[in-house]
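# What the coordinates show
What follows is each chain in one-letter form.
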Amino acid sequence: MPDDRMLFLVVGETEKKIQIIKFGNSESLTPSTTDLDLLLLKELGIQSEEE
């Protein structure tokens, strides 16, 4: 992990039953595979194997 920081992954659901993902400083509502790939790239510098 870059610069020895602590990184947390939170997966939950809002009161209106909308899925929410919070990863590091980023978050996404109802994430798609592309959204999750972007979170990994932004927070960890990891690219999808498909690219």
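All chains use their own residue numbering, which begins from 1 and follows the written sequence. Only residues with pLDDT of at least 70 get local features here, since the model is predicted, and only at 80 or more are side-chain atom pairs given and counted; chain-wide, interface and lining totals rely on the full set of residues. Note that the side-chain values use all heavy atoms of the structure and ignore hydrogens as well as water.

The three strands are arranged β1-β2-β3 in an open sheet whose pairing can be described as antiparallel. Of all the strands in the sheet, just β1 (9–13) and β3 (26–29) have a single pairing partner and so form its edges. Taken pair by pair, the neighbouring strands of this sheet meet at an average axis angle of 10 degrees, ignoring direction. A pair of strands is treated as paired once DSSP finds two or more bridges between them. Secondary structure is summarised from DSSP: a helix means a run of H or I of at least four residues, a strand means a run of E of at least two, and numbering begins at the N terminus for each. Bridge count for β1 against strand β2 (residues 19–23) is five bridges, and the pairing is antiparallel. Paired with Leu-9 across the bridge in β2 is Phe-23. For helices, the axis comes from a line fit to the C-alpha atoms of the stretch in contact; other axes are also lines fit to C-alpha atoms, and the angle between any two N-to-C directions lies between 0 and 180 degrees.

Below, the discussion takes up the pairing of β3. The buried label goes to any residue with under 20% of its type's maximum accessible area, the exposed label to any with over 50%, and the partly exposed label to all in between, with areas taken from a 1.4 Å probe on protein chains only. The alternating pattern of β3 places Ser-26 and Ser-28 on a buried face and Glu-27 and Leu-29 on a face that is not buried. Sheet topology note: the β2/β3 ladder contains four bridges and is antiparallel. Across the sheet, residue Lys-22 finds its bridge partner in β3, namely Glu-27. Here β2 folds back onto β3, and the loop between the two strands holds two residues, one of which, Gly-24, carries a positive phi near 60 degrees.

Turning to helix α1 (residues 33–44), a few remarks are in order. Expected span of a helix: the number of residues minus one, times 1.5 Å. Between its first and last C-alpha, α1 extends 16 Å over twelve residues, near the 16 Å set by a 1.5 Å rise per residue. With its phi angle positive at about 75 degrees, Gly-45 sits one or two positions after the end of α1.

What follows concerns the side chain of Ser-28. Counting through the fold element by element, Ser-28 comes out in strand β3. On the basis of relative accessible area, Ser-28 is assigned to the buried category, the value being 12%. What Ser-28 contacts, discounting residues up to four positions off in sequence, is Gln-19, Ile-20, Ile-21, Asp-35 and Leu-39. Any two residues whose heavy atoms approach within 4.5 Å are treated as being in contact.

None of this, on its own, says anything about what the molecule does.
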